[in-house]
Amino acid sequence: MTETPLRILVVEDEVLIALELECLLDDLGHITVGVAGNSADAIALGQATSPDVAFVDIHLIDGPTGVEVARALSADPHTTVVFMTANAKRIPDDFAGAVGVIAKPYSERVVAGALRYVADRRAGLAATVEGLDGFRLASAPETGERHTPVR
Amino acid sequence: MVLTDPRQHDNPIVWANEAFLSLTGYAWEEISGRNCRMLQGPETDPRAVRRLRDAVIAGRPIEIELVNYRKDGTSFWNGMTVAPVHDETGQIVHFYSAQADMTGKYRTEVAMKDAHDELERRVGEQTAHLRAALEQKTALLHEVDHRVKNNLQVISSLMLLKARRTPRGEAKDALQGMAERIGALSTVHRMLYSTGDVTRFDLREFADDFVSELVAGLDTDRTAVSAEIDSIAVSAAMAAPLALMLHELATNAVRHAFPDSRPGRVTISAQRSDDGLRMLIEDDGVGLAGGTPNPAGFGRSLVEMVVRQLRGVIAWSDVAPGTRVEILVPLDAISLQSPITDRAPGPEWASP
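The rules behind each value
- Residues numbered from 1 in each chain as written.
- Chains lettered and ligands numbered in written order.
- Predicted model: local features only at pLDDT ≥ 70, side-chain atom pairs only at ≥ 80, totals over all residues.
- Heavy atoms only, no water.
- Axes fitted to C-alpha atoms, helices over the stretch in contact; angles between N-to-C directions.
- Helix = DSSP H or I, 4+ residues; strand = E, 2+ residues; numbered from the N terminus.
- Left-handed = near helix turned anticlockwise from the far one by under 90°.
- Contact = heavy atoms within 4.5 Å.
- Nonpolar A, V, L, I, M, F, W, Y, C, P; charged D, E, K, R; others polar.
- Pairing = 2+ DSSP bridges.
- Patch = residues over 30% accessible without salt bridge, like charges linked within 9 Å, V, L, I, M, F, W, Y side chains within 5 Å.
- Areas by Shrake-Rupley, 256 points an atom, 1.4 Å probe, with all protein chains shown as cover.
- Salt bridge = Lys/Arg side-chain N within 4 Å of Asp/Glu carboxyl O.
- Buried < 20%, exposed > 50% of the residue type's maximum accessible area, 1.4 Å probe, protein only.

Asker: Looking at this structure, I do not really get the packing of helix α6 (residues 203-216) of chain B against helix α7 (residues 236-256) of chain B. What am I missing?
Answerer: Describing two packed helices takes the angle between their axes plus the distance from one axis to the other. Residue and element names in this part refer to chain B. At a minimum axis separation of 11 Å, α6 and α7 run at an interaxial angle of 30°. Helix-helix and strand crossings are classified by hand; for α6 and α7 the assignment is right-handed. On α7, the residues touching L203, F206, F210 and L214 of α6 are L242, A243, L246, H247, A250, T251 and V254. When grouped by side-chain class, the residues that make up the contact of α6 with α7 number 9 nonpolar, 2 polar and no charged.

Asker: Help me out: how do you make sense of the sheet that holds strand β5 (residues 92-101) of chain B in this one?
Answerer: Within a sheet, neighbouring strands are paired by backbone hydrogen bonds and run either parallel or antiparallel to one another. All names here are of chain B. Strand order in the open sheet formed by 5 strands is β2-β1-β5-β4-β3, with antiparallel pairing between adjacent strands. Each having just a single partner strand, β2 (13-16) and β3 (62-69) make up the two edges of the open sheet. Strand-to-strand twist across the sheet, computed as the mean angle between neighbouring axes with direction ignored, equals 30°. With 3 bridges connecting them, strand β1 (residues 2-4) and β5 associate as antiparallel partners. Across the sheet, the residue bridging to L3 is Y96, located in β5. Each of β3, β4 (75-86) and β5 is contacted by helix α3 (residues 46-58), which is oriented at about 130° to β3, the strand it contacts most. Docked against the sheet, helix α4 (residues 103-164) engages β3, β4 and β5, running at close to 125° with respect to β4.

Asker: Please explain a nonpolar patch on the surface as it appears in this structure.
Answerer: Residue and element names in this part refer to chain B. The grouping of M1, V14, W15, V85 and Y96 at the surface amounts to a nonpolar patch, some 380 Å² of accessible area in total. Mapped onto the fold, V14 is located in strand β2. Residue V14 is classed as partly exposed on the basis of its relative accessible area of 30%.

Asker: How do you make sense of unusual backbone geometry when you look at a structure like this?
Answerer: Trans is the common state for peptide bonds, and a negative phi is the common state for residues other than glycine. The omega angle of the peptide bond from K104 of chain A to P105 of chain A is -5°, so this bond is cis rather than trans. Omega for the peptide link from A320 of chain B to P321 of chain B comes to 5°, which places this bond in the cis form. Considering the arrangement of structural elements, one finds P321 of chain B in the loop between β11 (313-318) and β12 (323-329). Phi is positive for N11 of chain B, close to 50°, though the residue is something other than glycine. Looking at the element boundaries, N11 of chain B is found in the loop between β1 and β2. Here N11 of chain B falls in the buried class, since its relative accessible area comes to 17%. A positive phi is found at R311 of chain B, a non-glycine position, where the angle reads about 60°. With respect to the helices, strands and loops of the structure, R311 of chain B is situated in the loop between α9 (293-309) and β11. Of the residues examined, R311 of chain B reaches a relative accessible area of 57% and is grouped as exposed.

See below:
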């Protein structure tokens, strides 16, 4: 279904949500490189796997630490961070380096659409989020090289 | 009244009248030849003293109020008018000063200021109290909102996980169907609290999202879905049942009206009418009689229950080709107080 599979890190403290998301990502032809429920594991997994995409919930086992996690993960220029939360009000104005947020409760269509957007953007194509009500961008997409892999 | 002589050292008192003596409590011998500053004390404002001294040095007249002390140590507010007295050559020979006890006036002013300060303090306290209470309530609302959404996600994940592990067949379809219904309710929740208005939501916004979801799982070349939904504000209480109903009818039409790859179209429309909210779901499929009655069974009774809950009426008809479902639902007071419409609720809403 997808041209190039994305390597995805899932940062989510609800085991059931994480598991179902993993199945969904598999259906969509992507690879889940890891699941983390707390901030320390998430940051360590991010460093170990350098994923293409990280889905980050705000509320984790150790509190509302998802914002820190997003900041740490987006420090890797290879990783595109997307928040996935029912608590979008906690996201800071600069989105902590994330490109957008998928609002919970989400549908499979919105997750698929958000990933398509991220893949297009990483490939340097014109990406659109039209019709994806549950996916909101941090700001107007930048044209810079920020999210294309260096090296 | 008192006269001083600036030509003598330290500008001493050279004359005082009886009123001055009785105001200050001193005998003439006790003040004669002394400077007026003998009346000042700890509560005398040094700034007022400086202004007075500057005026005397400059030879300017001045009106000033300051705290003075009597011989017995009690204080009073002294309202003074001080003016230079010139001789024929223009030289200042005396300073003349008239006094008035302003203590009464000051007491009132101080009492009023105290009362005012106290009132301000109390209002401030009250405001801080209310602000804290409001912040607490807002935090609570966010917490509950967050939990509801998270739980809906968990429930949906649970259904889908079980569906994945269930072999193809009726049970799997039922689980997927339930996950989709939960999805419809989830969309309502996401929209209700994202706009800031937690009491109402826009039916059109929901329908747009919902139709996108419906079309996503379809071969759109074969089945076309179009929606014409007016922007209608609907109360939160009505939102969930309406969403469930629309989801059920549209999904039913898409799933069961076009068996054997039969092409067709589904049209969903909703308008406000004089009688309330009027919705129409039409398809050009096989019709009620042509479909297998079994799968639509639960969906149909769900729709009828929801319409009953909304105190509306529903009419199913075979229109050959296809099925037409018309629903009329009265709008409640919260829906009606919308800025989108200005119609007041009519008496017909009172009927049960």
